[in-house]
Amino acid sequence: MSAYVREFSEGNRDLKDLLGGKGANLAEMTNLGLPVPPGFTITTEACRAFLATEREPDGLDAEVDEHLRVLEQGRGRRLGDPDDPLLVSVRSGAKFSMPGMMETVLDVGLNDASVTGLARVSGDDRFAVDSYRRLLQMFGTTVLGIDADLFSVALERGMQRRGVRADTQLDADDLRALVQEFQGIIREQTGADFPQDPREQLRLAIRAVFTSWNTPRAALYRRQEHIPDDLGTAVTVQTMVFGNRGERSGSGVCFTRDPATGSPGGYGDYLPNAQGEDVVAGIRNTLALDGLAELDRPSYDQLMEVMSTLEGHFRDLCDIEFTIEDGSLWLLQVRVGKRTAEAAVRIAADLVDEGVIDLDEALARVPGQQLATLLFPRFAPDAERTAVARGLSASPGAAVGRVALDSETAVAWAARGDDVILVRKETTPDDLPGMVAARGILTSRGGKTSHAAVVARGMGRTCVCGAEAIEIDLDSRAFRVRGGPVVAEGETVSVDGSTGEVFLGAVPVGDSSVVRQMAGEDVDDPVGAAAARLLAHADSVRRLAVRANADTPDDARRARQLGAAGIGLCRTEHMFLGERRELVEELIVAADQAGRTAALDRLLPLQRADFVEVLAAMDGLPVTIRLIDPPLHEFLPDLTDLAVRVALEDERHVEDEHDHTLLTAVRRLHEQNPMLGLRGVRLGIVIPGLFAMQARAVAEAAADRVAAGGDPRPELMVPLVASDRELRLVRDQLEQVVADVERSRGLRLEIPIGTMIELPRAAVTADRIARSADFFSFGTNDLTQMTWGFSRDDVESEFVQDYLDQGIFATSPFESIDVEGVGELVRTGVRLGRGTRPDLHLGVCGEHGGDPRSIHFFDEVGLDYVSCSPYRVPVARWEAGRSAIELRPC
Ligand code: PEP
Ligand code: MG
């Protein structure tokens, strides 16, 4: 067997690495005895060698010669023979399908002499000349790099001259004139004649296909689809069959099931008297397969049989390219077809019913991202719309509403029944009421883990953030789209959180049928039923538990409905907003411990009531309550606003002592880098009584729930711990409080105390930290921020896109765990933590807990659970199931 070239009969479908998807499947079809025009495949190895050295690897030419000879002998014709030419197609085919991204050259072997031979042998002058003009056109653009428009404009002109609307209406003489014209274009553009030597044509075409691996569009496609850049493409050289030999010929593509809906039954397009790309290029109207049945019943019947053979063989939806030459069917390609999320779920479940695959395989075939898209509300796919701006797709869904430029307006308008889109430069905890009230959130600053994005995802609110073209002008109560319209507050916009697009006006929207089904609605929809069935299977096989990040009783209830096994992160900061902000101010400006205690005493019952409700909503399931994390100045007035207010008061000689004291406190607490400042466990250490108050509220809430006959399972979690000493000090405080409540209420409370691991130092000293922790929860948002040194609020809108474009990231590390770096810290934390305490309970509550690819990593490193936004819970359950199947020993 030769090194760089394989006959079709020498391959099979498992050799995609080497032969590309196309070559491997052509080999498979050849071996199945299906009608495949003979040929051979040049391996991806040859391409890689070519790309590394910019020349064909040694021996490749000789190998191609040898295989060409075999092909010529088999067909009884020589490539480009002037009397009876063999013609070949030269096509790309990478391991992973990259539809239309690389190059193809058809009809290689035609020249001024062989075109006459082809005309004579086929008895069809027009067909021969048409094939030649196609070669000149494709070779000119693909191999010689000439602007494709020069050829299509010349073709267009030729049709106009003859007063016809389709290329099929041009006769042989018209086409001969075009051949002359095309040869002139080639001469003019390259300074050389079109190469007449067929072998030289073949060599150049192969080279062009190799090179097309690196075209910008192919590189971009790979980045988006996460296809590695170093695979290279295989090249298939195959005997030409002709769909352009008159009305008994044609080209088509078909699918064994509908790739849009998944419904069973063949589906396809056929174009009589056409070749190659004509079918998908939309230059003439195609026929459905029924149309083919009317034109050529025997070929149609044979195609139906082939479709059923191939689907049976590949055990999946197949996408097939075929040509009919003078009444004979030929297969040019088969691949497992791409499909929509709806079709993916439905086909997988149908194939289980048909006994083709089992439930494990059905689940393994549908990635969680596809389930996720089925859960989002959506804009009607055929609705008309024009995007006026685009930002980051921060939280999926489709939202329509009136623009409100601040939280208060959003709340007021929502209260009177309006749908509202909250549009802000960026959001702060202050905007929470407006965010809750709004249907969707749009910001002009901030990345996918900015406040707006995290909170929106947590609430299942649609959000587009960092739409930089939007400039908000609060004076005129409007926003301007740079280079576009001005949108006044109150006007209606539509926001697509799945694409990041913003539209003017109301685009029609609705709940997805899968969500309605999960909420218990009786929906007669095969897709919803299929999704529910596969999800139940995922639950039965997964090892990882799935909890939710939920801060309110409503979120907790929703999470439970969506299958969460508890709360992995209940952030408590929102419990200090609104009217309670005043109490936080009191706490901060208090002159002494007595003042602080008084403020904390007033906060205690309010917090307790919060926890009672959340614990009730999650009765019987664990609820990890995180002690307050953000810097306290987030709860105080803005420094500039307050300074101006005090200055005005001074000017007017209004003595407001409270404002003066507050200003001093705000100045004292002001930080240049609040994310690296007085936050997390540091607050517990520096502000006596704050964490203790929260712990008391939790313990008393648990005692109240027990008294009410409930089964509360709270856990206390300390944020931003860097050293074992910090945790030890805080743990002592918390244990005392819990013991105190137990004593006073006369009962035993099981309240595990654990910590977040969200600083690199915590991960690498996890063995010590584990001495004081009953559990760890990896806070991968901060861990990513602190490991890369990236501000999670800023970098996504600033330079993440550049990093993606330049291949430094395959995906944003805030979206999918950076396995090499941040992931290594998680691994270390797990190993060290469990080294100290083998029973240490481990989870993750950063945004990565809901990211499908990250979930596989967390499963592999042995975490016990992932925690994510309620709306992502079904996806996490699904992905945890897929991961269990993947990791299962064979
Ligand atoms: C984290 O850092 O991963 C985390 C969950 O905490 P927060 O997002 O609240 O900082
Ligand atoms: Mg954090």
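Residues numbered from 1 in each chain as written. Chains lettered and ligands numbered in written order. Predicted model: local features only at pLDDT ≥ 70, side-chain atom pairs only at ≥ 80, totals over all residues. Heavy atoms only, no water.

> What's the story with the sheet that holds strand S21 (residues 478-481) in this structure? I'm lost.
Backbone-to-backbone hydrogen bonds join strands into a sheet, with any given pair of strands oriented parallel or antiparallel. Taking strand neighbours across the sheet as the criterion, the 3 strands line up as S20-S21-S22 in an open arrangement whose pairing is antiparallel. The open sheet is flanked by strand S20 (470-473) and strand S22 (486-488), the only strands paired with a single partner. Pairs of neighbouring strands in the sheet enclose a mean axial angle of 20 degrees, with direction left out of account. Where S20 meets S21, 4 bridges bridge the pair, whose relative direction is antiparallel. For Glu-471, the partnering residue across the bridge sits in S21 and is Arg-480. (Pairing = 2+ DSSP bridges. Helix = DSSP H or I, 4+ residues; strand = E, 2+ residues; numbered from the N terminus. Axes fitted to C-alpha atoms, helices over the stretch in contact; angles between N-to-C directions.)

> Sorry, what's going on with the coordination of the magnesium ion (ligand 2) here?
Ideal values differ by geometry: the angle at a metal is 109.5 degrees with four tetrahedral donors, but 90 or 180 degrees with six octahedral donors. At 2.1 Å from the magnesium ion (ligand 2) lie its protein donor atoms, namely Glu-758 (OE) and Asp-782 (OD). Remark: Asp-782 occurs in helix H31 (residues 780-788) and Glu-758 occurs in the loop between strand S30 (753-757) and helix H29 (760-764); sequence separation between them is 24 residues. For Glu-758, a relative accessible area of 2% corresponds to the buried category. (Donors = N, O, S within 2.8 Å, 3.2 Å for Na, K, Ca; no water. Buried < 20%, exposed > 50% of the residue type's maximum accessible area, 1.4 Å probe, protein only.)

> Explanation requested: the pattern of salt bridges in the structure shown.
Where charged atoms from two side chains of opposite charge approach closely, those side chains can pair. In total, this model carries 78 salt bridges according to the counting rule given. Here Arg-365 and Asp-316 are joined by a salt bridge, their closest N and O atoms 3.3 Å apart. Of the two residues, Arg-365 sits in helix H14 (residues 359-365) while Asp-316 sits in the loop between helix H12 (297-314) and strand S11 (318-325), which places them 49 residues apart along the sequence. Taken together, the salt bridges that share partners define one network made up of Glu-573, Arg-626, Asp-629, Arg-679, Asp-782 and Arg-792. (Salt bridge = Lys/Arg side-chain N within 4 Å of Asp/Glu carboxyl O.)

> Whenever I open this one, a nonpolar patch on the surface confuses me. Can you help?
A cluster of nonpolar side chains, namely Ile-685, Val-686 and Leu-729, defines an oily patch on the protein surface of about 240 Å² accessible area. The exposure class of Leu-729 is partly exposed, given its relative accessible area of 39%. (Patch = residues over 30% accessible without salt bridge, like charges linked within 9 Å, V, L, I, M, F, W, Y side chains within 5 Å. Areas by Shrake-Rupley, 256 points an atom, 1.4 Å probe, with all protein chains shown as cover.)

> What is the right way to look at the pairing of strand S18 (residues 440-443) in this model?
On a regular strand, each side chain points to the face opposite its neighbour's, so the side chains alternate between the two faces of the sheet. Burial along S18 is two-sided: the residues Gly-440 and Leu-442 and Ile-441 and Thr-443 are all buried. In terms of strand pairing, strand S17 (residues 420-424) meets S18 through 4 bridges, oriented parallel. Bridging across to S18, Arg-424 finds its partner in Thr-443. Note: S18 against strand S19 (residues 462-465), 3 bridges, orientation parallel. Residue pairing in the sheet places Ile-441 in a bridge with Cys-463 of S19.

> What is the right way to look at the site of ligand 1 in this model?
Arg-571, Gly-779, Asn-781, Asp-782 and Arg-792 are the nearest of the 13 residues found near ligand 1. In this structure, an oxygen atom belonging to ligand 1 sits 2.7 Å away from a main-chain N or O atom of Asn-781. Between ligand 1 and Asp-782, the relevant distance is 2.9 Å, taken from an oxygen atom to a main-chain nitrogen or oxygen of the residue. Burial of ligand 1 by the protein amounts to 95% of the accessible area it has alone, namely 290 Å². Looking at the shell around ligand 1, the elements with two or more residues in it are strand S27 (567-571) and H31. Broken down by class, the residue content of the shell around ligand 1 amounts to 3 nonpolar, 4 polar and 6 charged. (Near = heavy atom within 4 Å. Polar contact = N/O pair within 3.5 Å; in protein donor to acceptor, adjacent residues only side chain to side chain. Nonpolar A, V, L, I, M, F, W, Y, C, P; charged D, E, K, R; others polar.)

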